[in-house]
Amino acid sequence: MPEQSLSGRVAVVTGAAGGIGSATAARLSRAGASVVLVDLDGEAAATFAAGLDGDAIGVQADVSREEDVERYMDAAVERFGRVDLHHLNAGIPGSPTALPDLAVEEFDRVIAVNMRGTFLGLRAAFRQYVLQGGGGAIAVTGSIASLRGSSDLLPYHASKHGVLGLMRNAAVYGGPLGVRVNAVAPGIVPTALFGSGSGPGGSADMVQRASTTPLRRAGTPDEIASVVAFLLSDDAAYITGEVVSIDGGASIVNSVRPSGGAGAWDTAELDARTAPRA
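All of the points below concern the structure found in this document. Everything numeric in this text was worked out from a predicted model, so none of it was measured. (Residues numbered from 1 in each chain as written. Predicted model: local features only at pLDDT ≥ 70, side-chain atom pairs only at ≥ 80, totals over all residues. Heavy atoms only, no water.)

1. Digging into the pairing of strand β6 (residues 179-186)
Item 1. Across the eight residues that make up β6, a large majority, eight, are buried.
Item 2. Residues Val179, Val181, Ala183 and Ala185 point to one face of β6 and Arg180, Asn182, Val184 and Pro186 to the other, with burial holding for every one of them.
Item 3. What joins strand β5 (residues 136-141) to β6 is helix α5 (residues 154-174), and the crossover it makes is right-handed.
Item 4. For β6 and strand β7 (residues 243-246), the ladder comprises four bridges, and the chain directions are parallel. Bridging from a neighbouring strand, Pro186 pairs with Ile246 of β7. (Buried < 20%, exposed > 50% of the residue type's maximum accessible area, 1.4 Å probe, protein only. Helix = DSSP H or I, 4+ residues; strand = E, 2+ residues; numbered from the N terminus. Right-handed = clockwise from strand over helix to strand, strands pointing away. Pairing = 2+ DSSP bridges.)

Following this line, the structure appears as structure tokens:
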């Protein structure tokens, strides 16, 4: 994306204190946008904002709380006068608890952040666009989990499927208003959100699993951010309602063919780990 192509635009990025969110904030800042970095860790968001090249602020907020979403939007408008671009990225994975042992509280917590937070962010964006009398662009962070199922992380998968439903409805509503809404679906991108351990779900485990994708490696936050920045730019002016997979080809693989790893694992060991019997 050409530098300064977002000059004069104001962008809000949630979950911006690290990982994909901070990478997006940095990309948008380099492209000339003023950026509002929103995160539950407000101090980390403010610190990262202070290190960006362009004008930026950090705001502490819990995206699952209606009053917090209103507050970060108010802070953005108070500082910059308007908001043009949104990357609704904040999310949590939850624990890999097996379905029979999954607590309602755990399910509700993940849904609240990932799905309710996206809804509240979309609603706040559209309300601001109405006040401004103009359009804008929104990108939401889905996941490869938006497109496929798994034996674990049920609340995460459910929430990420729901995020795509929210995005598509918002895109249909927003089209006539000049508002574009799209999603990215990252594959395996190790970040601090998933921890650094070698056990299931840790970064070392993720790197190993990513080695079976067609590109044979994990992705980086900046590789996701580059696509988000494109979708928010005028270069994507005729794209709305789309999901862009950024997963090294993981979602295109036929897993029952040799090229997809068929027969390359011990199913008894796999089943014992993912679905233990009493």
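That shown, we press on.
2. Things to note about the nonpolar core
Item 1. With 35 residues, the main nonpolar core has Val12, Val36, Tyr72, Leu122, Ile138, Val140 and Val181 as its most contacted residues.
Item 2. Of all the secondary structure elements, the ones that give two or more residues to this core are β1 (10-14), β2 (34-39), β3 (56-60), α3 (66-80), α4 (104-132), β5, α5 and β6.
Item 3. Considering every element that reaches this core, the biggest residue donor is α4, with eight residues.
Item 4. What Val140 contacts, discounting residues up to four positions off in sequence, is Leu88, Thr118, Leu122, Val163, Met167, Asn182, Ala183 and Val184.
Item 5. One finds Ala16, Val228, Leu231 and Leu232 within the second-largest nonpolar core, a separate group that totals 28 residues. (Core = buried A, V, L, I, M, F, W, Y, C linked by side-chain atoms within 4.5 Å. Contact = heavy atoms within 4.5 Å.)

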